[in-house]
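Take a look at the letters that make up each chain.
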Amino acid sequence: SQQGEEDPQALSIQEGENATMNCSYKTSINNLQWYRQNSGRGLVHLILIRSNEREKHSGRLRVTLDTSKKSSSLLITASRAADTASYFCATDDSNSGYALNFGKGTSLLVTP
Amino acid sequence: GAVVSQHPSRVICKSGTSVKIECRSLDFQATTMFWYRQFPKKSLMLMATSNEGSKATYEQGVEKDKFLINHASLTLSTLTVTSAHPEDSSFYICSAPTSGYETQYFGPGTRLLVL
């Protein structure tokens, strides 16, 4: 079942700017993950944040998690044209054998 | 890093035919694999969980007789779309969980077009 909801659905920025995407979910989670998908391709895991963590960094990525609000944000700093892709948040679902519930995704366009 | 492959990458078939999609874990064993379906500009919908040596677990609303899943070895799961119809046209993606089941490795996807 889908439970992650990202916003915005689409985001267009210029190179060098920061991109912020938000995700909300409905049920309790063990962790929340962000994935990237280039057009017509599979997904690439970006970062995982556990339910007892509030913020995590990986290179130009910064993820926050607010379990009280059931929301997360992904910040990409100093964006590049190569960051153009769709970004999905996903929550684990122990009831489905650890399959992931994906949000609808944010389509990011970074123009030179 | 671990890699999951899918074959074919894209397939066009006539309505009524069956299509088999393979998902392989290339350098690790996967007792569990997941099959997702993605419509254009939409999110991934979990179709089923493939279990090595046992029956697949299907999500509500997914017809198990239409989407046959076989997980015959620790590195291969297959999804067969039987008697395909144009509405089955979609992007099918498989994944295999990492050890500890925290994250997943995704295949590159298979684009199916049924004419």
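Everything discussed here concerns the structure shown above.
Here's what I pulled together on the structure shown here.

Residue and element names in this part refer to chain B. Strand order in the open sheet formed by 4 strands is E1-E3-E8-E7, and the pairing between neighbours is antiparallel. Of all the strands in the sheet, just strand E1 (4–7) and strand E7 (67–73) have a single pairing partner and so form its edges. Direction aside, the axes of adjacent strands within the sheet are offset by 15° on average. With 5 bridges joining them, E7 and strand E8 (residues 76–81) adopt antiparallel strand pairing. In the strand pairing of E8, Phe67 is matched with Val81.

The full count for this structure, using the stated rule, is 8 aromatic pairs over all chains. On the numbers, 5.3 Å between centres and 80° between planes, the contact of Tyr35(A) with Phe106(B) is edge-to-face. Of this pair, Tyr35(A) sits in strand E4 (residues 31–37) while Phe106(B) sits in strand E10 (residues 104–106), which puts the two residues in different chains. Comparing Tyr35(A) with Phe106(B) shows no difference in burial state: the two are buried. An aromatic cluster is built from Tyr35(A), Phe88(A), Phe102(A), Tyr36(B) and Phe106(B), whose rings are joined through pairwise contacts.

Residues and elements named next belong to chain B. Looking at where Asp65 falls in the secondary structure, it is placed in the loop between strand E6 (57–58) and E7. Taking relative accessible area as the criterion, Asp65 reaches 63% and is therefore assigned exposed. C-alpha separation for the pair Asp65 and Thr82, spaced 17 residues apart in sequence, amounts to 7.8 Å.

Together, Ile12(B), Leu113(B) and Leu115(B) give the surface a local cluster of nonpolar side chains, amounting to about 310 Å² of exposed area. Relative to the assigned elements, Leu115(B) resides in the segment after strand E11 (110–114).

Applying the stated criterion to the full structure yields 2 disulfides over all chains. Residue Cys23(A) pairs covalently with Cys89(A) via a disulfide, S to S 2.0 Å. Linking Cys23(A) and Cys89(A), the disulfide has an S-S dihedral of approximately 65° and is accordingly described as right-handed. Of this pair, Cys23(A) sits in strand E3 (residues 19–24) while Cys89(A) sits in strand E9 (residues 85–93), and the two are 66 residues apart along the sequence. The pair formed by Cys23(A) and Cys89(A) is uniform in burial state, with each residue classed as buried. Each sulfur of the disulfide joining Cys23(B) and Cys94(B) lies 2.0 Å from the other.

For the rest of this paragraph, the subject is the layout of surface pockets. One number sums up the size of the largest pocket: a volume of about 720 Å³. At the level of secondary structure, the elements contributing two or more residues to the lining of the largest pocket comprise E9 and strand E11 (106–111) of chain A together with strand E9 (90–97) and E11 of chain B. A class-by-class count of the residues in the lining of the largest pocket yields 9 nonpolar, 15 polar and 5 charged.

Contacts between chain B and chain A engage 20 residues on the former and 22 residues on the latter. Roughly 1,600 Å² of surface becomes buried between chain B and chain A when both sides are summed, with 53% attributable to carbon and sulfur atoms. There are 0 salt bridges connecting chain B and chain A. Counting the contacts that link chain B with chain A gives 5 residue pairs in polar contact (both at pLDDT 80 or more). Elements with a minimum of two residues in the side of chain B that touches chain A: strand E4 (32–38), strand E5 (44–51), E9 and E10 of chain B. Counting residues per element, the side of chain B that touches chain A draws most heavily on E5(B), at 4 residues. Taken together, the residues of the side of chain B that touches chain A break down into 10 nonpolar, 6 polar and 4 charged.

Rules and cut-offs
Residues numbered from 1 in each chain as written. Chains lettered and ligands numbered in written order. Predicted model: local features only at pLDDT ≥ 70, side-chain atom pairs only at ≥ 80, totals over all residues. Heavy atoms only, no water. Pairing = 2+ DSSP bridges. Helix = DSSP H or I, 4+ residues; strand = E, 2+ residues; numbered from the N terminus. Axes fitted to C-alpha atoms, helices over the stretch in contact; angles between N-to-C directions. Phe/Tyr/Trp six-rings, centres within 6.5 Å; stacked < 30°, edge-to-face > 60°. Buried < 20%, exposed > 50% of the residue type's maximum accessible area, 1.4 Å probe, protein only. Patch = residues over 30% accessible without salt bridge, like charges linked within 9 Å, V, L, I, M, F, W, Y side chains within 5 Å. Areas by Shrake-Rupley, 256 points an atom, 1.4 Å probe, with all protein chains shown as cover. Salt bridge = Lys/Arg side-chain N within 4 Å of Asp/Glu carboxyl O. Disulfide = S-S within 2.5 Å. 1 Å grid on protein atoms, 1.4 Å probe; cavity = no way out; pocket = protein on both sides within 12 Å on 5 of 7 lines; lining within 4 Å. Points joined across faces, edges and corners; volume = space filled by probe spheres on them. Nonpolar A, V, L, I, M, F, W, Y, C, P; charged D, E, K, R; others polar. Contact = heavy atoms within 4.5 Å. Buried area = accessible area lost by both parts, 1.4 Å probe. Polar contact = N/O pair within 3.5 Å; in protein donor to acceptor, adjacent residues only side chain to side chain.

Treat this as a map of the structure, not an account of what it does.
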